[in-house]
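Here is what each chain is made of, one letter per residue.
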Amino acid sequence: RFVKKQQLWATLASLSIQHNELETAKVAFSAIKKVDKLQYINYICSRKRQEVQNAELLVYKRCPDEAVSILLQSQPPLVYRAIKINIRIFRWECALQIAIKRDEHV
């Protein structure tokens, strides 16, 4: 934590996100003063179910299709969260398709 190189901390943050090391990512983001990213990582860590954490992390990594797939394949399927993620990233058509296909939250 004594190193003050922004590039080093940014690289560490990137690699830790890539390898799902959220605690390390928190330290790295706080070192480079990326409060918005730190808050989102804290939000991800606060989710109780592992499937939801994985899905939120995939949304952060810009893989929304994989995130929705994880939520819909969990037991029980997390349809509302899948719809909510699509709405949050402005994928209205996908959210509506999931709702109609599952006949929930229409």
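All of the points below concern the structure found in this document.

Reading guide: rules and limits
Residues numbered from 1 in each chain as written. Predicted model: local features only at pLDDT ≥ 70, side-chain atom pairs only at ≥ 80, totals over all residues. Heavy atoms only, no water. Helix = DSSP H or I, 4+ residues; strand = E, 2+ residues; numbered from the N terminus. Buried < 20%, exposed > 50% of the residue type's maximum accessible area, 1.4 Å probe, protein only. Core = buried A, V, L, I, M, F, W, Y, C linked by side-chain atoms within 4.5 Å. Contact = heavy atoms within 4.5 Å. Patch = residues over 30% accessible without salt bridge, like charges linked within 9 Å, V, L, I, M, F, W, Y side chains within 5 Å. Areas by Shrake-Rupley, 256 points an atom, 1.4 Å probe, with all protein chains shown as cover. Salt bridge = Lys/Arg side-chain N within 4 Å of Asp/Glu carboxyl O. Polar contact = N/O pair within 3.5 Å; in protein donor to acceptor, adjacent residues only side chain to side chain.

Remarks on the overall build of the chain
Now for step 1: Helices and strands together make up the secondary structure of the chain, namely seven helices and zero strands.
Now for step 2: The secondary structure elements of the chain, listed N-terminal to C-terminal, are α-α-α-α-α-α-α.
Now for step 3: Seen through its C-alpha atoms, the chain measures out along the principal axes to roughly 55 × 25 × 15 Å.
Now for step 4: Counting across all 106 residues of the chain, residues that qualify as buried make up 33%.

A few points about the nonpolar core
Now for step 1: Among the nonpolar cores identified, the biggest contains 16 residues, and Leu71, Leu72, Ala82, Ile83 and Ile98 are the most heavily contacted of them.
Now for step 2: Breaking this core down by element, the ones donating at least two residues are helix H4 (50–60), helix H5 (64–73), helix H6 (79–88) and helix H7 (92–102).
Now for step 3: Once residues within four sequence positions are removed from consideration, Leu71 is found in contact with Glu51, Val52, Ala55, Pro77, Leu78, Arg81, Ala82 and Ile85.

Brief notes about a nonpolar patch on the surface
Now for step 1: Nonpolar side chains collect at one region of the surface, where Ile87, Phe90 and Trp92 lie side by side and expose about 360 Å² of accessible area between them.
Now for step 2: Mapped onto the fold, Ile87 is located in helix H6.

Some points on the pattern of salt bridges
Now for step 1: For the coordinates displayed, the defined rule picks out four salt bridges.
Now for step 2: Between Glu23 and Lys26 there is a salt bridge, and its shortest N-O distance comes to 3.3 Å. In this pair, Glu23 and Lys26 are both assigned in helix H2 (residues 22–31), three residues apart and thus about one turn of the helix distant.
Now for step 3: Given the relative accessible area of 53%, Glu23 is considered exposed.
Now for step 4: Relative accessible area serves as the criterion here: at 19%, Lys26 is assigned to the buried category.
Now for step 5: Of the charged contacts in the structure, one is a salt bridge between Arg49 and Glu51, with a shortest N-O distance of 3.3 Å.

Concerning the environment of Glu56
Now for step 1: Counting through the fold element by element, Glu56 comes out in helix H4.
Now for step 2: Between the alpha carbons of Glu56 and Cys45 there is a distance of 9.5 Å; along the sequence they are eleven residues apart.
Now for step 3: Those residues in contact with Glu56 that sit more than four places away from it in its chain are Tyr40, Tyr43, Ile44, Ile85 and Arg88.
Now for step 4: Within the structure, Glu56 has its side chain in polar contact with the side chain of Arg88 (distance 2.6 Å).

Focus: unusual backbone geometry
Now for step 1: With an omega of -10 degrees, the peptide bond running from Gln75 to Pro76 counts as cis.
Now for step 2: Relative to the helices and strands, Pro76 is located in the loop between H5 and H6.
Now for step 3: You will see that Asn20, though not glycine, has its phi angle at about 60 degrees, which is positive.
Now for step 4: Relative to the helices and strands, Asn20 resides in the loop between helix H1 (6–18) and H2.
Now for step 5: Phi is positive for Lys33, close to 60 degrees, though the residue is something other than glycine.
Now for step 6: For Lys33, the location among the structural elements is in the loop between H2 and helix H3 (35–46).
Now for step 7: Judged by its relative accessible area of 66%, Lys33 falls in the exposed class.

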